[in-house]
Amino acid sequence: EQLLELNVELQAANKKLDQMARTDPLTGLFNRGHFSEVFGQEIARAGRTDLPFSVIICDVDHFKLVNDDFGHQTGDAILQQLSTILNGQFRSTDIVARFGGEEFVVLLPNTGRETTLHLAESLREVVAGNGFTDPSGKVVRAVTLSVGAASYPEDGLDPDSLLSHADQALYQAKSGGRNRVVAWVSTRQDPDEES
């Protein structure tokens, strides 16, 4: 009986360690490593089934100013609040991850370009309309997102090209004025299609 209890405790500890290895400690979202693993699996699945999927990369606009003006604790609080919004905006089958710093990535299985742009625009609007707060609950400032999107298979057939194209679309969103959604346009090799 004691051996059975120890085995149950060991399984629980292993499960907790596995979750910790796949999760960003600040936001509770998946981390970049887990996202990369699932992204590779999604590429393989899509290749077998011919079903589309999309990826979006989101970046908080002018986040350095948040940290400079309000401190890193407030910056962390805003990232946590943003993570809650991200989780609420997407399906349980979507993979939402913190990619690094103030950048987030979302993998959208079975989702083509048009639906992806609609979802990304909805996210952008929700974030722009939300009052973000410091750790004490005081509203400190508006936060906006720039978003880049790419879809399989038209924008790439492997993780590197899809992420690169989504990232280039994100760069276009930022250089085009921020607080916008841009999709990679593979036919022109120029990410200038905005939603």
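Thresholds, definitions, all that
- Residues numbered from 1 in each chain as written.
- Predicted model: local features only at pLDDT ≥ 70, side-chain atom pairs only at ≥ 80, totals over all residues.
- Heavy atoms only, no water.
- Buried < 20%, exposed > 50% of the residue type's maximum accessible area, 1.4 Å probe, protein only.
- Helix = DSSP H or I, 4+ residues; strand = E, 2+ residues; numbered from the N terminus.
- Pairing = 2+ DSSP bridges.
- Salt bridge = Lys/Arg side-chain N within 4 Å of Asp/Glu carboxyl O.
- Contact = heavy atoms within 4.5 Å.
- Expected span 1.5 Å × (residues − 1).
- Polar contact = N/O pair within 3.5 Å; in protein donor to acceptor, adjacent residues only side chain to side chain.
- Arc of directions from axis to C-beta.
- pLDDT = per-residue confidence, 0-100.

**So, the pairing of strand E2 (residues 95-100)**
Counting buried positions along E2 yields five of six residues, so the element is predominantly enclosed. Looking at chain direction, E2 and strand E3 (residues 103-109) are connected through five bridges and run antiparallel. Residue pairing for E3: Gly 100 is matched across the bridge by Glu 103. Counted between consecutive antiparallel strands, the loop separating E2 from E3 contains two residues, among which Gly 101 sits at a positive phi close to 55 degrees.

**Examining the environment of Gln 168**
As for its placement among the helices and strands, Gln 168 is situated in helix H6 (residues 159-175). Sequence separation between Gln 168 and Ala 44 is 124 residues; the distance between their C-alpha atoms is 23 Å.

**Section: the pattern of salt bridges**
As enumerated under the stated definition, the model contains eight salt bridges in all. Linking Asp 59 and Lys 174 is a salt bridge whose minimum nitrogen-to-oxygen distance equals 2.9 Å. Residue Asp 59 is located in strand E1 (residues 53-60), and its partner Lys 174 is located in helix H6; the two are separated by 115 residues in the primary sequence. Across the pair Asp 155 and Arg 113 runs a salt bridge whose closest N-O atoms are separated by 2.9 Å. Separated by 42 residues along the polypeptide, Asp 155 in the loop between strand E6 (145-152) and H6 and Arg 113 in helix H5 (residues 113-128) bring together distant segments of the chain.

**Notes on the side chain of Ser 161**
In this fold, Ser 161 is placed in helix H6. According to the relative accessible area criterion, Ser 161 is buried, its value standing at 18%. What Ser 161 contacts, discounting residues up to four positions off in sequence, is Asp 155 and Gly 156.

**Remarks on the environment of Gly 40**
With respect to the element layout, Gly 40 can be found in helix H2 (residues 32-49). With relative accessibility at 32%, the residue Gly 40 sits in the partly exposed group. Taking C-alpha positions, Gly 40 is 10.0 Å from Asp 160, a pair spaced 120 residues apart along the chain.

**A closer look at H6**
Helical periodicity: at 3.6 residues per turn, an α-helix aligns residues three or four positions apart in one direction. The first and last C-alpha atoms of H6 sit 24 Å apart over 17 residues, in line with the 24 Å expected at 1.5 Å per residue. What H6 keeps buried is the set Ser 161, Leu 162, Leu 163, His 165, Ala 166, Ala 169, Leu 170, Ala 173 and Lys 174. Summarising the contacts, the buried residues of H6 are in contact with H2, E1, E2, E3, E6 and strand E7 (181-183). For H6, the capping residue at the N-terminal end is Asp 158, with a side-chain oxygen 3.1 Å from the backbone nitrogen of Asp 160. Backbone geometry just after H6 places Gly 177 at a positive phi near 125 degrees.

**Some points on H5**
Its 16 residues give H5 an end-to-end C-alpha distance of 22 Å, which sits within 8% of 22 Å, the value for a rise of 1.5 Å per residue. Among the residues of H5, those classed as buried are Arg 113, Thr 116, Leu 117, Ala 120, Glu 121, Leu 123, Arg 124 and Val 127. Seen along its axis, H5 keeps its buried residues to an arc of 160 degrees; they face one direction. Facing away from the buried side of H5, by more than 90 degrees, are the exposed residues Glu 114 and His 118.

**Focus: the confidence of the model for the protein**
Scored by pLDDT, the protein has a mean of 91; 94% of the residues are at 70 or more. When mean pLDDT is taken per element in the protein, E3 scores highest with 98 and strand E8 (residues 193-194) scores lowest with 46. Confidence drops under a pLDDT of 50 for residues 187-195, and excluding neighbours within four residues, the segment shows 26 contacts in the predicted structure.

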